[in-house]
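# Overview (structure and organization)
What follows is each chain in one-letter form.
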Amino acid sequence: DIAGHFANHIRTCLADKTKHPNILLHYSGIGAPKLYARLKDCPEIIWISETGALENPAFSYDLSEPDDNGICTIRVHEHGAHPQTTEIRPSLGGRANAQNIAVAFCTGRLCGIPADALKRALETYQGLKDRCQRTTYGKRAVYTDYASHPTCVRNDIAWVRKSAKRVLTIYH
C-alpha cells in the first residue's frame, strides 16, 4: 500500500541523522490515518494537523469559515515548552492555500523565524497566478484555478460554494 511504502521511505531517510534529523509531516488527506499509524512512534517526526485530528501534534491550526471573498482566518497553535497562538489573515482564498500557509508558518517557526515576521510575510503573499485567483467581472466573482488533481478540484469548488449563491464550473 502507498502509506506503507511512504512510511518505509521516511524511516530510511531518518536513519541518516546527518541529512534528515527531523521531518515535518502535515496530517491531511485520505491516507493520513494509515501513515500516522505507521510513524507515530518516530520522535524525529514533527506533526502538524488541523486542531483535533491528532492527540499531540507539535503544531495545529484552525480555519475560520470563508468571508465573502473566500478568505479564511488561520489560527496556528504552537504546542510544547512555549505554547503560543498566531492568527494569520492571508490575502489568498481557498482551503488548500490556507493549509499551505499554515504549514509554511510552522516550517518557518521550526527554522527559527519569528512569528511576527512570518505573519507579515504570509499575510501579504499574493500567490501564484491562476491558482485560486479571484477577480471580478462586473458584479460577479470569477475564480481561476489550474488545479489538476481531482481532490484539489473538489476542494476548490467546495470552497467557492461557501461564498457564492451559484457556481458555474468550466473545465478545459
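Now for a look at the structure at hand. Per chain, residue numbering runs from 1 following the sequence as it is written. pLDDT decides what is reported in this predicted model: residues at 70 or higher carry local features, side-chain atom pairs at 80 or more are listed and counted, and totals for whole chains, interfaces and linings draw on all residues regardless. Heavy atoms from the whole structure form the basis of all side-chain values; hydrogens and water molecules are not counted.

On to the environment of Asp 116, then. Numbering of helices and strands starts at the N terminus; helices are DSSP runs of H or I of at least 4 residues and strands are runs of E of at least 2. By the secondary structure assignment, Asp 116 is in helix H4 (residues 115–124). Residue Asp 116 is classed as partly exposed on the basis of its relative accessible area of 46%. Expressed as a C-alpha distance, the spacing of Asp 116 and Ile 88, which sit 28 residues apart in the sequence, is 9.7 Å. Type-normalised accessible area, obtained with a 1.4 Å probe on protein chains alone, sets the label of each residue: buried when under 20%, exposed when over 50%, and partly exposed for intermediate values.

Side-chain atoms within 4.5 Å link the members of a nonpolar core, which is a set of buried Ala, Val, Leu, Ile, Met, Phe, Trp, Tyr and Cys residues. If you look at the biggest cluster of nonpolar residues, it comprises 19 residues, and the most contacted ones within it are Tyr 61, Ile 74, Val 76, Ile 88 and Phe 105. Secondary structure elements with two or more residues in this core: strand S2 (45–50), strand S3 (59–63), strand S4 (74–78), helix H3 (95–110) and H4. We call two residues in contact whenever any of their non-hydrogen atoms come within 4.5 Å of each other. Those residues in contact with Ile 74 that sit more than four places away from it in its chain are Tyr 61, Asp 62, Leu 63, Thr 86, Glu 87, Ile 88, Pro 90, Ala 98, Ile 101 and Ala 102. Core analysis: the next-biggest nonpolar cluster, separate from the first, contains 14 residues, Leu 14, Ala 32, Leu 39 and Ile 45 among them.

The pairing of S4 with strand S5 (residues 84–88) spans five bridges and is antiparallel. Opposite Arg 75, over in S5, you have Glu 87 as the bridge partner. Between any two strands, at least two bridges found by DSSP are needed for them to pair. Two successive antiparallel strands, S4 and S5, enclose a turn made up of five residues, where Gly 80 displays a positive phi of approximately 115°.

This part covers helix H5 (residues 150–162). To estimate how far a helix should extend, the number of its residues minus one is multiplied by 1.5 Å. For H5, spanning 13 residues, the distance from its first C-alpha to its last is 19 Å, which sits close to the expected 18 Å at 1.5 Å a residue. Among the residues of H5, Asp 156, Trp 159 and Val 160 are the ones counted as buried. Within H5, the buried residues cover an arc of 95° as seen down the axis, which keeps them to one side. Exposed residues pointing more than 90 degrees away from the buried face of H5 are listed as Arg 154, Arg 161 and Lys 162. Of the surrounding secondary structure, the elements contacted by the buried residues of H5 are H3 and strand S7 (140–144). The directions from the helix axis to the C-beta atoms form the arc being described.

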